[in-house]
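Given next are the chains, with one letter for each unit.
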Amino acid sequence: MANPSSILIFGATSAIAYETSKLFAKDGVSLYLCARDEVDLKRLSDDLKVRGANDVWYSAFNALDDDSAIRAIDNCLKKFPGLDSVLVAHGSLPDQNKCEANADETKKAIHINFTNIAVLLNYIANHFEKQGKGTIAVISSVAGDRGRQSNYVYGSAKGALTVFLSGLRHRLCKSGVKVITIKPGFVDTPMTVDYEKGLLFAKPAAVAKGIYKAMSKGKEVVYLPWFWRWIMLVIRSIPPKIFNKTKL
Amino acid sequence: MGNDLFFESWGRFPKVSHLGMFAPQCVDKINDLIQSSDSLILPRGLGRSYGDSCLNEDGYLLSTKWLNKFYAFDENTGILKCEAGVTLDEILQTFVPRGWFLPVTPGTKFVTVGGAIANDIHGKNHHTAGTFGNQVIRFELLRSDGTRLLCSRETNPDWFKTTIGGLGLTGVITWAELPLKPIKGPYIEMESIKFNNLNEFFSISRESATDYKYIVSWLDCINSADIRGIFMRGNHSNTTETDASKISHSVSSWKTFPVDAPSFLLSAATVKLFNMLYYHKQIKKHEKKIVHYDPFFYPLDGINHWNRMYGNRGFLQWQGVVPFTEENEAIRTILSEIIKSGLSSFLVVLKEFGSIPPCGMLSFPMPGITLAVDFPNVGGRLFSLFDRLDKVVINSGGRLYPAKDARMAPETFQSSYPDFENFKKYIDPRFSSSFYRRIRGENNG
Ligand SMILES: Cc1cc2nc3c(=O)[nH]c(=O)nc-3n(C[C@H](O)[C@H](O)[C@H](O)COP(=O)(O)OP(=O)(O)OC[C@H]3O[C@@H](n4cnc5c(N)ncnc54)[C@H](O)[C@@H]3O)c2cc1C
């Protein structure tokens, strides 16, 4: 599998996406960045140019407005008609209690973490399928492996995303398009500032290295760091009777 | 805001509690965070200062962790514009493979550009380059009233002078522009020479100053009545045969000092043994070799969190500078006080500063000899040794380095930094630090 030469990145300003972009920039890859804030995107694109990216463009998009994501893809394809990779890294960690109390919060969380991504992935998948090649890497989460009382709204959106990706992989494998599901555990990013940082927290740069490797080698499902595969194996296999008594 | 309200400095002494740490995700959000509370705030880089100059007891810290973007790099001039939270490590990783090096670097690459400016750090090339602040072309300073000041030698020169070496008290540096220096490759041609007394040190140091870009010495001052040690000097090498981009910069994570060390590791006997082994590791009187820049500049960075070696009570560094005199009596007195004290140090570093004056109003370096010594925190005996050393420094017209200090008396600071009164006018009313409240010597909080 060849290294990517151009990558479209959704959620480009997130800490994990940024660390990953740095690694690709160093290789001279061309980047198309999408995120909410135009000013942040400009700053990020300057940074990645300094770091050696061949060509950097960007569009603002909002995960609550699916059309804006489609427009961003179209803009990208105008700049990079031969686009060969996509990294989807946007998402938001909702407040579980607020979601339980407020239907709009729940809908918003599921839209940002699943619906919007499903829509844009199908759109890009159609393009890659026609092209006969491409790599689609998406950041899901270990939270999607088993619903837990403390964050099942976020977890179910991520779970849906994981299932969606396995279906998409199934569909696209015959056309030579790779689909990579990335499942990070806890990562020390602005998204988790409110959390006490225990031993299980990984640095964004370490997670980025795993994504970079997975995208260059075309893996299918990667847990980052690796030990989460085993932690989740254990968590998934706890019998419901016992699981339901835990505070997880 | 997270629950870890105890933030440490590198020396892990003193330990103080804070209200919390702000970590703005981009420069545009700094001001909102400052306005979100009315408590006192202090910018914070990587916390590589040893004492309390990067601590703000009962106030907030403002981490520059996410302010880590490069803005621009000019391949022709080597001028880099970047945010204040960019680390020297990041600059090296990005630019060494392209043939550029830092103009000035301290003994660790894990410091931020903002922290390097605010302490006006010096490196092994002080005698040829001056301080970090001498290199900086311009930067932006954000004050708590929301004003953004572009500072250079020409524009807002007062703010330029007070923010360089300004200990984070004048506002937040958001970005800075500095010139990288061209190099042929990542290697250093290095020589190490054993010396057996201070006179020998001075003569090697004098003779090296013109031909060697980098100089520094390591001392063994507990094993003998005479001061012996190893003088190291080096220049960037023209060796390029190895593809520089393949050089690994990463510090493997297993090389992390795992837990607080038990105290027996720090006994005088262990330290003595360590120093003796280190001294005798080099058999020949004079050795030459080509080394990668990493071990040459950053010998300690290979072990993450080596500060934990000193255990939970932490350690203190004492660094002072004394002006040159005919006999260099002051430095001799300081060294003999240390030997007399019977306290043992793993690390004693000696260097002559050059004559390029720093541009900061409170910058530490001045022409003379600087000595840095690490000691485990053994309490009273150590503090009284430090007090004796301070006296020698003050009487000789020298000063102590705030970045390394956790205990000097207000009078010591004020008498050796006479511009302090004038500096106070530039302090941001919302900014403060534990260090500042200590050395200004007023008891009203
Ligand atoms: C192993 C080791 C070796 C060292 N060797 C040397 C040496 O050779 N020479 C030398 O001079 N020093 C040396 N030091 C000290 C170190 O270089 C300084 O303490 C440096 O300033 C630390 O940078 P930092 O980013 O960790 O800043 P911090 O320690 O977090 O902060 C330092 C100061 O900078 C201020 N500050 C940080 N960011 C900003 C900002 N954006 N705007 C305004 N103010 C800011 C803080 O308020 C504080 O006053 C060494 C330290 C270690 C641990």
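It should be emphasised that the depicted structure is a prediction, and the values quoted were computed from it without experimental measurement. (Residues numbered from 1 in each chain as written. Chains lettered and ligands numbered in written order. Predicted model: local features only at pLDDT ≥ 70, side-chain atom pairs only at ≥ 80, totals over all residues. Heavy atoms only, no water.)

Draft legend 1. Here's a closer look at the overall build of chain A. Across its full length, chain A carries nine helices and seven strands. Here the C-alpha atoms of chain A give a radius of gyration of 18 Å, agreeing with the 18 Å that 2.2 N^0.38 yields for 248 residues. Each principal axis of the C-alpha atoms in chain A carries an extent, and together these give about 55 × 40 × 35 Å. Relative to its full complement of 248 residues, chain A shows a buried share of 52%. The averaged location of the 23 negative side-chain charges in chain A is 8 Å from the averaged location of its 34 positive side-chain charges. (Helix = DSSP H or I, 4+ residues; strand = E, 2+ residues; numbered from the N terminus. Rg over C-alpha atoms; globule rule 2.2 N^0.38 Å. Buried < 20%, exposed > 50% of the residue type's maximum accessible area, 1.4 Å probe, protein only. Lys, Arg positive; Asp, Glu negative; His and termini not counted. Charge placed at Lys NZ, Arg CZ, Asp CG, Glu CD.)

Draft legend 2. Layout of the pairing of strand 17 (residues 315–322) of chain B. All names here are of chain B. Among the eight residues in strand 17, eight count as buried, and that is most of the element. Along strand 17, one buried face is formed by F315, Q317, Q319 and V321 and the opposite face, lined by L316, W318, G320 and V322, is buried too. Inspection of the sheet shows strand 17 paired to strand 19 (residues 368–376) by eight bridges, in the antiparallel sense. Each bridged residue has a counterpart across the sheet, and for V321 the counterpart in strand 19 is T370. Pairing between strand 17 and strand 20 (residues 399–400): two bridges, direction antiparallel. Note that in strand 20 the partner of G320 across the bridge is L400. (Pairing = 2+ DSSP bridges.)

Draft legend 3. Inspection of the site of the ligand at higher detail. All names here are of chain B. By nearness alone, 34 residues border the ligand, and P43, R48, S49, T112 and Y401 come closest of all. Contact distances for the ligand include 2.7 Å between an oxygen atom and a side-chain N or O atom of S49. Isolated, the ligand exposes 970 Å² of accessible area, and the fraction of that covered by the protein chains is 95%. Mapped onto the shell around the ligand, the elements with two or more residues apiece are strand 4 (41–44), helix 3 (113–118) and strand 11 (172–179). Broken down by class, the residue content of the shell around the ligand amounts to 17 nonpolar, 14 polar and three charged. (Near = heavy atom within 4 Å. Polar contact = N/O pair within 3.5 Å; in protein donor to acceptor, adjacent residues only side chain to side chain. Areas by Shrake-Rupley, 256 points an atom, 1.4 Å probe, with all protein chains shown as cover. Nonpolar A, V, L, I, M, F, W, Y, C, P; charged D, E, K, R; others polar.)

Draft legend 4. A look at the nonpolar core. If you look at the biggest cluster of nonpolar residues, it comprises 107 residues, and the most contacted ones within it are I91(B), V113(B), F132(B), F139(B) and L371(B). Discounting residues that sit within four places of it in the chain, F139(B) has contacts with I117(B), L149(B), L150(B), C151(B), W159(B), F160(B), T163(B), I164(B), I173(B), W175(B) and A176(B). Residues L8(A), A63(A), V88(A) and L121(A) belong to the second largest nonpolar core, which totals 33 residues. (Core = buried A, V, L, I, M, F, W, Y, C linked by side-chain atoms within 4.5 Å. Contact = heavy atoms within 4.5 Å.)

Draft legend 5. Broad picture of the interface of chain A and chain B. Chain A puts 19 residues into the contact, and the matching count from chain B is 22 residues. Of the roughly 1600 Å² buried between chain A and chain B, counting both surfaces, carbon and sulfur atoms make up 51%. Per-residue buried area on chain A facing chain B is highest for R43(A), V50(A) and R51(A); these three make up 38% of the total on that side. Where chain A touches chain B, the interface holds five salt bridges. (Buried area = accessible area lost by both parts, 1.4 Å probe. Salt bridge = Lys/Arg side-chain N within 4 Å of Asp/Glu carboxyl O.)

Draft legend 6. A look at the sheet that holds strand 7 (residues 79–83) of chain B. Residues and elements named next belong to chain B. Spatially, the five strands line up as an open sheet ordered 6-7-11-9-10, and their pairing is antiparallel. Among the strands making up the open sheet, the edge pair consists of strand 6 (70–73) and strand 10 (148–152). Each adjacent strand pair in this sheet contributes to an overall mean axis angle of 15°, direction not counted. As judged from the five bridges shared by strand 7 and strand 11, these two strands associate in the antiparallel manner. Considered in strand 11, the bridge of C82 is made with A176. (Axes fitted to C-alpha atoms, helices over the stretch in contact; angles between N-to-C directions.)

Draft legend 7. Representation of a nonpolar patch on the surface in the model. Residue and element names in this part refer to chain A. Nonpolar side chains collect at one region of the surface, where W226, W230 and L233 lie side by side and expose about 390 Å² of accessible area between them. Here L233 shows up in helix 8 (residues 227–237). Accessibility expressed as a relative area gives 40% for L233, which makes it partly exposed. (Patch = residues over 30% accessible without salt bridge, like charges linked within 9 Å, V, L, I, M, F, W, Y side chains within 5 Å.)

Draft legend 8. Representation of the packing of aromatic side chains in the model. For the structure shown, the criterion picks out 37 aromatic pairs over all chains. Seen in terms of ring centroids, Y50(B) and F315(B) are 5.6 Å apart; in terms of plane orientation they differ by 80°. Their pairing is edge-to-face. On the criterion of sequence distance, the pair formed by Y50(B) in the loop between strand 4 and strand 5 (60–63) and F315(B) in strand 17 is long-range, its members being 265 residues apart. No difference in accessibility class separates Y50(B) from F315(B), as the two residues are buried. Aromatic side chains F73(B) and W100(B) sit 5.6 Å apart centroid to centroid with 80° between the ring planes, which places their arrangement in the edge-to-face category. Of this pair, F73(B) sits in strand 6 while W100(B) sits in strand 8 (residues 100–101); the two residues are 27 residues apart in sequence, bridging distant segments of the chain. With respect to class, F73(B) is no different from W100(B); both count as buried. Feature note: the residues W10(B), Y50(B), W306(B), Y310(B), F315(B) and F346(B) constitute an aromatic cluster, connected by ring pairs. The residue whose ring lies beneath K69(B) is Y18(A), and the NZ or CZ to ring-centre distance is 4.1 Å. A cation over a ring is seen here: K81(B) above W175(B), with NZ or CZ 4.3 Å from the ring centre. (Phe/Tyr/Trp six-rings, centres within 6.5 Å; stacked < 30°, edge-to-face > 60°. Lys NZ or Arg CZ within 6 Å of the ring centre and 35° of its normal.)

Draft legend 9. Layout of unusual backbone geometry. Residue P225(A) is reached from L224(A) by a cis peptide bond, and omega for that bond is -15°. Considering the arrangement of structural elements, one finds P225(A) in the loop between strand 7 (221–224) and helix 8. Omega for the peptide link from F13(B) to P14(B) comes to -5°, which places this bond in the cis form. At N156(B), a position not held by glycine, the phi torsion is positive, near 45°. Residue position: N156(B) is located in the loop between strand 10 and helix 6 (157–163).

Draft legend 10. Focus on the side chain of K124(B). All names here are of chain B. With respect to the secondary-structure elements, K124 resides in the loop between helix 3 and helix 4 (126–129). For the buried K124, no salt bridge exists, and the shortest N-O distance to an oppositely charged side chain is 9.7 Å, to D301. Not counting chain neighbours up to four residues away, the residues in contact with K124 comprise T105, K213, Y214, I215, V216, F296, F297 and K351.

Draft legend 11. Representation of the pattern of salt bridges. Under the criterion given, the structure shown has 34 salt bridges over all chains. Its salt-bridge partner being E90(B), residue K22(A) comes within 3.3 Å of it at the nearest N-O pair. You can see K22(A) sitting in helix 1 (residues 15–26) and its partner E90(B) sitting in helix 2 (residues 88–95), one on each of two chains. Classification of K22(A) by relative accessible area gives buried; the value is 9%. Salt bridges sharing partners connect three or more residues here, namely D52(B), D387(B), D390(B), D405(B), R407(B) and R438(B).

Draft legend 12. Layout of helix 5 (residues 103–131) of chain A. All names here are of chain A. Look at helix 5: 40 Å from first C-alpha to last across 29 residues, which is about the 42 Å you get at 1.5 Å a residue. At H111, helix 5 shows its largest kink, close to 50°. Residues of helix 5 that are buried include every one of A109, I112, N113, F114, N116, I117, A118, L120, L121, I124, A125 and F128, and no others. Capping the start of helix 5 is the job of one residue whose side-chain oxygen sits 2.8 Å from the backbone nitrogen of D104: N102. (Expected span 1.5 Å × (residues − 1). Bend = angle between axes of the 7 residues up to and from the residue.)

Draft legend 13. Geometry of the sheet that holds strand 1 (residues 6–10) of chain A. Residue and element names in this part refer to chain A. The seven strands are arranged 3-2-1-4-5-6-7 in an open sheet whose pairing can be described as parallel. Two strands lie at the open edges of the sheet, namely strand 3 (56–60) and strand 7, each paired on one side alone. The average undirected angle you get between the axes of adjacent strands in this sheet is 15°. In the packing of helix 6 (residues 152–172) onto the sheet, the strands contacted are strand 5 (134–139), strand 6 (177–184) and strand 7, and the crossing angle to strand 6 comes to about 160°.

The values reported here are purely geometric and, on their own, carry no functional implication.
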